[in-house]
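Listed here are the chains, written in short residue letters.
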Amino acid sequence: MEDLYQFDQEYRDHISTVDARGKRIWVFPKKPKGKFHTLRIIVAIILLFLLFIGPFIKIDGHPFFLLNIIDRRFIIFGIPFWPQDFHLFVLALISLVLFIVLFTVIYGRVWCGWACPQTIFMEMVFRKIEYWIEGDANRQRKLDKMPLNGEKIFKRGLKQLIFFIIALIISHLVMAYIIGVDQVKEIVTQSPMNHLAGFAGLMFNTIIFYFVFANLREQVCIALCPYGRLQGVFVGQNTIAVMYDWLRGEPRGRIRKNKKEQDTEKGDCIDCKMCVHVCPTGIDIRNGTQLECINCTACMDACDEVMTKIKRPKGLIRLASYESIKEGVKNLFTTRVIGYSAILIFLVALQVYLLTTREPVETTVVRVPGMLYQEQENNRISNLYNIQFVNKTFEEITLDVRLKDYTNGEIKRVGGEPLVVPSNEFVEGVFFIELPKEVINKTKTNLVIEVLVGNETIDEVKTNFLGPVVRNIE
Ligand code: SF4
Ligand code: SF4
């Protein structure tokens, strides 16, 4: 058996969870156990903990995370973002896409099996409750086939009730990320009539989450998730993924009774199908890499247990690339993988640099449209400008403005009071710039305005100044 693709490819013509008549085949995965599953539980607990405390973390009374699309208020890792930071958002988005592509090309669907909220909630919360109430896969199948009786009504009813409550909690959590935990508290503690839109949003989300986890389940990863659908493009022969070592495993065959050792002419796979029984997406990984595989590693644990029992080396199903198995290479961290990983680290570092060095104040200066210059006393010319300061910090800032390069010019603010910009707010104003006529030698003179906090220049803005038409007299 030289090449994996010599296997019968017929399984690729349909998805494993749909039968020949197009009817859904419900997956009853066997309870997973083993070292990878224990590791996944630890990762899931940490991620769930972070996810749930996220909206409650506040720094100086401000949320650590807020993704308020409705009011266009965004706070990420305690840093407030404004619509004016759109360029950063676009850059972050491009980096993210690049990161996802590179990451998937190297490491496959690690994200799906280990960090995706859909998988974590499904496998580590909803599925665990299902095992607790209905038992392992065989007992679940039995219950499913049972006619409607007291036991079935009680178990199914209890399960669905708990599922709905958890969907309700997730819905509140998502809302807390969007509108902030204080607003969610208000919606929960006051009459729904006072917050009709918020209440409707919470209920709508709850129904969606309940439907996803109680019914759609693995179909989200197989058919709905765009990232999952793109796997066919990203994954190549060098991608690290959960792989069956067909060179070692084939030809597969059962162990004969009272014989613990495999026949020498057979491979290590005893065709026990434990890897298939534990798979939450209902596939047989021995067929090769498939779109449905979320790299959850449950089949690796199941097969390792079997290998231990039959006294064969573990790792018949393991994290490997197609090429590494074909070529018999053990080291997965090739020069290519290290090179790509270095690019990934660079992308993350670049984002951190861009976000942390962002200017605290954004200044916009626009000459009042339709206005020409004004002649002033003392042989001076003035232009009228609109100015806007956006304070992107959580501190109140008192600003000052001055002209760079034109010490004999002057900025005169209308109103004259100090320029105080409250935290995470913006102020707008109007001001004049006055220049002596003798320094104006063009119709449009370029100017730079310095924005200062105390004596420190925190921003520089370019604008221009209209003056009288200059005529050369011959
Ligand atoms: S669990 Fe291992 S031995 Fe059993 S069928 Fe799967 S690959 Fe073969
Ligand atoms: S094939 Fe293995 S890793 Fe892939 S989804 Fe199934 S159990 Fe998880």
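Before reading further, recall that the structure is shown in the block above.
Quick caveat, the model's predicted, so the values are computed rather than measured.

Enquirer: Help me understand the environment of Arg286 in this model?
Expert: Note on placement: Arg286 falls in the loop between helix 13 (274–277) and helix 14 (298–309). In the structure, Arg286 is positioned 10 residues away from Val276 in sequence and 8.8 Å away in space, judged by C-alpha atoms. A distance of 2.9 Å separates a polar atom in the side chain of Arg286 from a polar atom in the side chain of Asp284.

Enquirer: I tried to follow the packing of aromatic side chains on my own but got confused; where do I start?
Expert: Any pair of aromatic rings gets described here by the distance separating the centres and the angle formed by the planes. This structure, assessed with the given rule, holds 12 aromatic pairs. Through successive ring pairs, a cluster of aromatic residues spans Phe52, Phe121, Phe126, Phe163 and Phe213.

Enquirer: Hey, could you run me through the pattern of salt bridges in this one?
Expert: Side-chain pairs of opposite charge can arise whenever the charged atoms involved come near each other. By the definition in use, this model includes 27 salt bridges. Asp182 is the partner of Lys58 in a salt bridge, and the nearest nitrogen-oxygen pair spans 2.6 Å. Residue Lys58 is located in strand 1 (residues 58–59), and its partner Asp182 is located in helix 7 (residues 181–189); the two are separated by 124 residues in the primary sequence. For Lys58, a relative accessible area of 34% puts it in the partly exposed group. Taking the relative accessible area as the measure of exposure, Asp182 reaches 41% and is therefore partly exposed. One salt bridge connects Glu134 with Lys159, and the closest N-O pair in it is separated by 3.1 Å. Of this pair, Glu134 sits in helix 4 (residues 117–134) while Lys159 sits in helix 6 (residues 150–179); the two residues are 25 residues apart in sequence, bridging distant segments of the chain. For the pair shown, Glu134 and Lys159 are each scored as buried. Through salt bridges with shared partners, a single ionic network connects Glu130, Glu134, Asp144, Arg156, Lys159 and Arg217.

Enquirer: Can you help me understand the site of ligand 1 in this one?
Expert: Contacts to ligand 1 come from 13 residues, most closely from Cys269, Cys272, Lys273, Cys275 and Cys303. When grouped by side-chain class, the residues that make up the shell around ligand 1 number 10 nonpolar, no polar and three charged.

Enquirer: What is the right way to look at the side chain of Arg286 in this model?
Expert: A residue is classified by how much of its surface remains accessible, and Arg286, at 1% relative accessible area, is buried. At 2.7 Å, the side chain of Arg286 and the side chain of Asp271 are in polar contact.

Enquirer: What am I meant to see in the sheet that holds strand 16 (residues 456–466) here?
Expert: Working definition: the strands of a sheet are paired by backbone hydrogen bonds and lie parallel or antiparallel to each other. The four strands lie next to each other as 13-11-15-16, forming an open sheet whose pairing is antiparallel. Since the sheet does not close on itself, it has two edges, and those belong to strand 13 (419–421) and strand 16, each with one partner. The sheet shows a mean angle of 35° between the axes of neighbouring strands, taken without regard to direction.

What counts, and at which threshold
Residues numbered from 1 in each chain as written. Chains lettered and ligands numbered in written order. Predicted model: local features only at pLDDT ≥ 70, side-chain atom pairs only at ≥ 80, totals over all residues. Heavy atoms only, no water. Helix = DSSP H or I, 4+ residues; strand = E, 2+ residues; numbered from the N terminus. Polar contact = N/O pair within 3.5 Å; in protein donor to acceptor, adjacent residues only side chain to side chain. Phe/Tyr/Trp six-rings, centres within 6.5 Å; stacked < 30°, edge-to-face > 60°. Salt bridge = Lys/Arg side-chain N within 4 Å of Asp/Glu carboxyl O. Buried < 20%, exposed > 50% of the residue type's maximum accessible area, 1.4 Å probe, protein only. Near = heavy atom within 4 Å. Nonpolar A, V, L, I, M, F, W, Y, C, P; charged D, E, K, R; others polar. Pairing = 2+ DSSP bridges. Axes fitted to C-alpha atoms, helices over the stretch in contact; angles between N-to-C directions.

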